[in-house]
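Overview (structure and organization)
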Amino acid sequence: MTDEAEPRLNLNRWGDTSDPAPGRRGLRQDACSCFDQSRPHPRARVGFHAERQDTSASGWHHLLELIDEAAADGREEFRPLTGLSQEERRQIITLPPSIAQLTAVKHLVLYGSNLVRIPPEIGAMTSLEEFTPYTSYRLHWLPYEITRCRKLTRSTVSTRALFGNYKLRPPLPRLQPSRGSVADLDLGNLDPRRWGATVIHRCSVCDRPIERSGLHQVWISLRVATDVLPLLVNACSVVCVASLPGSPRDYTPAPHKGGRVDQPASDWD
């Protein structure tokens, strides 16, 4: 577990995607004001990032090529951002579903990214042993599907950037009411401000198509590798929600809808 208050780590370990000059984060990351990541200032409400990925951007097309190359050569370590220019890195706010091809990758390095979300297809990276999104300050949560990476044992995350983190206890976004039917939803074109994603097709728990059932979103905090992470669950039924494991000590014990939820005291209290 790592955060930005600790001594600066060796950038060469993960590939240097840092700024050319100290203190100029804006060159590689857009500003984020979801919550104060330096001190506790509890707010009644936070929300998801509303940005949509520009799939016409040169950085997106370059990333698709890098993923295809990594899948073809079966590499075990994948550092996509080091293969992009500084401007291209800033264009990437999520990863494409094609990361599901990276079944040989053991270490995924996303140091200093501009990411605001990661797709559920990360769960298909079944060889993944180490996950490094360190200093990705706009990445506040992960999809529940990352728990399918059974070999994942090491992570390096900027914990202060996470919703509900034990250091500051910022709130988690309030989720939409559960639906027994999704007949009136365009699951391939959702508003990320409301749903946290632009696409939801399969249940995070049982992998059944959401289209055939309902949509029940909940938050759960679980230890994934080295860190306890806030995970967004897109479940197809109350049965799948009920099957979720309990959270570790010092975290909200049961799945919840976010918003005004009682959390244990922060490290500052």
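A brief look at the structure comes next. (Residues numbered from 1 in each chain as written. Predicted model: local features only at pLDDT ≥ 70, side-chain atom pairs only at ≥ 80, totals over all residues. Heavy atoms only, no water.)

This brings us to the overall build of the chain. Across its full length, the chain carries four helices and seven strands. In sequence order, the chain lays out its α and β elements as α-β-α-β-β-β-β-α-β-β-α. In the chain, buried positions account for 53% of the 269 residues. Counting every atom, the chain has about 12200 Å² of accessible surface; 48% of that belongs to carbon and sulfur. (Helix = DSSP H or I, 4+ residues; strand = E, 2+ residues; numbered from the N terminus. Buried < 20%, exposed > 50% of the residue type's maximum accessible area, 1.4 Å probe, protein only. Areas by Shrake-Rupley, 256 points an atom, 1.4 Å probe, with all protein chains shown as cover.)

Strand order in the open sheet formed by three strands is 4-7-6, and the pairing between neighbours is mixed. The sheet terminates laterally at strand 4 (142–143) and strand 6 (216–224), the two strands that pair on one side only. Pairing analysis gives nine bridges linking strand 6 to strand 7 (residues 227–235), with the strands arranged antiparallel. Looking at strand 7, one finds that valine 224 is bridged to aspartate 227. (Pairing = 2+ DSSP bridges.)

Once that is clear, we can look at the nonpolar core. Core analysis: the biggest nonpolar cluster contains 52 residues, and Phe131, Ile146 and Leu231 have the highest contact counts within it. At the level of elements, helix 1 (58–73), strand 6, strand 7 and helix 4 (238–242) are the ones that each hand at least two residues to this core. With five residues, helix 1 is the single largest residue contributor to this core. With near-sequence residues (within four places) excluded, leucine 231 lies in contact with Leu142, Pro143, Tyr144, Ile146, Thr147, Val218, Trp219, Ile220, Leu222 and Val224. Cys34, Phe163, Leu175 and Trp219 belong to the second-largest nonpolar core, a separate cluster that totals ten residues. (Core = buried A, V, L, I, M, F, W, Y, C linked by side-chain atoms within 4.5 Å. Contact = heavy atoms within 4.5 Å.)

The buried count for strand 7 comes to nine of nine residues, which makes it a mostly enclosed element. Burial of the side chains of strand 7 extends over both faces: Asp227, Leu229, Leu231, Val233 and Ala235 are buried on one face and Val228, Pro230, Leu232 and Asn234 on the other. Sheet topology places strand 4 next to strand 7; two bridges connect them, and they run parallel. Counted as the bridge partner of leucine 142 is leucine 231 from strand 7. Here strand 6 hands over to strand 7 after two residues, with alanine 225 in that stretch at a positive phi of 60 degrees.

Glancing now at the sheet that holds strand 2 (residues 107–109). Judged by pairing direction, the sheet is parallel, and its four strands sit side by side in the order 1-2-3-5 without closing on themselves. Only two strands of the sheet have a single neighbouring strand rather than two, namely strand 1 (77–78) and strand 5 (154–155). The pairing of strand 1 with strand 2 spans two bridges and is parallel. Its bridge partner lying in strand 2, glutamate 77 is registered against histidine 107.

This brings us to helix 1. With 16 residues, helix 1 extends 23 Å between its outermost C-alpha atoms, agreeing within 8% with the 22 Å of an ideal straight helix rising 1.5 Å per residue. Gly59, Trp60, Leu63, Leu66, Ile67 and Ala70 are the residues of helix 1 that are buried. For helix 1, the angular spread of buried residues about the axis comes to 120 degrees, placing them on one side. Of the surrounding elements, those touching the buried residues of helix 1 are strand 1 and helix 2 (86–91). Once helix 1 ends, the next one or two residues include glycine 74, with phi positive near 65 degrees. (Expected span 1.5 Å × (residues − 1). Arc of directions from axis to C-beta.)

Within the secondary structure, glutamate 65 sits in helix 1. Considering only alpha carbons, one finds glutamate 65 and proline 80, 15 residues apart in sequence, at a separation of 9.9 Å.

Nothing here speaks to function; it is all geometry.
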